[in-house]
Amino acid sequence: MIDHNRAHHMTVRIPTRFEHILDNERLSSTPLIVRVTEDMRSFEVLRRTTEIQNGGVLAFLSGATGCGKTTSVWSASINMSDRFESVLAVPNTVPLRDMATWLEASVPAQTDKSLLVLIDGREASDDTVGLRQFMSSLNHFLRSRKDVIVCWPTTDDLWKKELVDLSRKVGGSSLTPESADISIAGPPKSVWSEVLERLFIQLDQRLEDLGMDATSVASAISKSETVGEFLAAVRDIIAERVDIVQISQDLPQILFVVTSTSQIVGEANRLRRAGTMVLKAEELVGYSPRSEAGKWWQERNKVPKHHLAYVISLFKARLVTMTPSAVVYAIAEYGPEDMRNALREIGVEKSPANADRTFEATDFYKHISGAGVNELTSTAKGRTSQTILEAYAYIQSLSSGRHKVINQAICSLVEKNVPEFAAAAGRFEVDLGDQDTYADAVISLDEDDLHLEFHHLSEKHCRASSVAAYVMRKLRVYANHYNITPR
């Protein structure tokens, strides 16, 4: 079954709360946690308190929204894993009056480590009776579980005082001792940029991709009171510089399709990111720095909002490849009669099965279908027959004069294997309105228009440098046409 939640719909989303990180399949929480010594010391004191009194405690964590209260609980379990089990979070869907029952059923058997139970997302309640019942049941439960520390983050001081007073009325100082009333410091401003850097590493993003630089990050830090506020500020900057620009200027998504001998896959891998197929700006310039387009982009890269990486993000520009067999069988199946005849003379007959099989082996198919590309290899797999190489060389030799019909044949093969790719209703060699500004094809995919730019390379020019020069040249055209960069 094909997953049509394709990568080309992906937008950068910066989590501003720890819960967002836990819900994000692309993020691993452990590398994102910055150890705060003061906060970790508080949890160690809690653990020792439970040992001394031989019973569990209910701890209240106070601090401003976004300071890292929830994060601190997870941080303790990760940074002090020799003393704490993994966090047990009470689902928000569990009603207050059912929480004690849920805990008795869900808390695992006692070990030699302490267990942090997180009660999050409950900032207020007018159910005084239910709250008292919960405190009473919890007090009874914790008396026999010296390994359990229940953590309740709060932001409202009055609400916290009400909870602390009630817990002590029900269970005395044993249920909520002085050490269990904790103020969370959270990470200091000096490490906020490191937090963002760790996020970007996992999201496979750089500041340049988002039209940002160190100055914009420093400004967001200076204007924020907590790390959560800082991440929210970064999120808003990204929305302003990427999402809003894409929408307001109605920017298309660009998919570069490069074909050549089988070595093209490895060459393209030097210029794109694994999985997403997104182009890498630094590598594009690095592989073709002396080309006219390379020099042009190096000059633009001095300004964040004109940077090649930012332009790539705005157009969600990606790079996929097709190997010789897929191109040859696409022409044999859907090309013009004279080209099909020439292929038969070379020794290639029409074969729907071969056309489908060879196309489905390409990263073009895997990306466009949503099947995913799980690896980027630098070497070609298998061998291509001399007949296919000769047939591809014939097709490539005609690409400058018959570019359109070659692309139409390829797109017809794509549509056969990915019906949502509406090639039959697509437009080819579309005039974008400027002199010599054309899109090779504009095809609807899942109701979005996708601009495809095809480049058919000979074996001699099957090099990352050739691909980089072409891609940068085309992106220059698009950036100028949509007034993103100065000409």
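This section reports on the structure supplied with the text.

Cut-offs and rules
- Residues numbered from 1 in each chain as written.
- Predicted model: local features only at pLDDT ≥ 70, side-chain atom pairs only at ≥ 80, totals over all residues.
- Heavy atoms only, no water.
- Helix = DSSP H or I, 4+ residues; strand = E, 2+ residues; numbered from the N terminus.
- Buried < 20%, exposed > 50% of the residue type's maximum accessible area, 1.4 Å probe, protein only.
- Contact = heavy atoms within 4.5 Å.
- Core = buried A, V, L, I, M, F, W, Y, C linked by side-chain atoms within 4.5 Å.
- Phe/Tyr/Trp six-rings, centres within 6.5 Å; stacked < 30°, edge-to-face > 60°.

### Quick notes on the environment of I221
Thought 1: On the secondary structure map, I221 appears in helix 9 (residues 214-222).
Thought 2: Here I221 falls in the buried class, since its relative accessible area comes to 14%.
Thought 3: Separated by 95 residues in the primary sequence, I221 and K316 have C-alpha atoms spaced 28 Å apart.
Thought 4: Among residues more than four places away in sequence, those in contact with I221 are K189, W192, S193 and F230.

### Some points on the nonpolar core
Thought 1: Grouped together as the largest cluster of nonpolar side chains are 88 residues, with contacts concentrated most on F43 and L475.
Thought 2: At nine residues, the largest contribution of residues to this core is made by helix 21 (residues 464-481).
Thought 3: In contact with L475, other than residues within four places in its own chain, are I254, F256, L279, W297, L308, I312 and A317.
Thought 4: L255, M339, Y365 and L445 belong to the second-largest nonpolar core, a separate cluster that totals 40 residues.

### Focus on the environment of F60
Thought 1: Positionally, F60 belongs in strand 1 (residues 57-62).
Thought 2: You can call F60 buried: its relative accessible area is 0%.
Thought 3: Between the alpha carbons of F60 and K160 there is a distance of 7.2 Å; along the sequence they are 100 residues apart.
Thought 4: Leave out the neighbours within four places in its chain, and F60 touches M135, W152, K160, L163, V164, S167, T176, A180, D181 and I182.

### Thoughts on unusual backbone geometry
Thought 1: Even without being glycine, D250 reaches a positive phi, approximately 50°.
Thought 2: Mapped onto the secondary structure, D250 falls in the loop between helix 10 (227-248) and strand 6 (253-259).
Thought 3: The class of D250 is exposed, set by a relative accessible area of 62%.
Thought 4: Its identity is not glycine, yet N483 carries a phi of approximately 55°, on the positive side.
Thought 5: Its place among the elements puts N483 in the segment after helix 21.

### Description of the packing of aromatic side chains
The geometry of an aromatic ring pair is captured by two quantities: the separation of the ring centres and the angle between the planes.
Thought 1: Inspection of the entire model under this criterion finds ten aromatic pairs.
Thought 2: Taking the centre distance of 4.8 Å and the plane angle of 90° together, the rings of W296 and W297 count as edge-to-face.
Thought 3: Look at F315 and Y482: their rings are 5.7 Å apart centre to centre, the planes differ by 65°, and that puts the pair in the edge-to-face class. Of this pair, F315 sits in the loop between helix 14 (308-314) and strand 7 (318-322) while Y482 is found in the segment after helix 21, placing the two residues 167 residues apart along the sequence. A single burial state applies to F315 and to Y482, both of which are buried.
Thought 4: One aromatic cluster is present, formed by F60, F134, W152 and W159 through successive ring pairs.

Remember, this is a structural readout, not a statement about activity or role.
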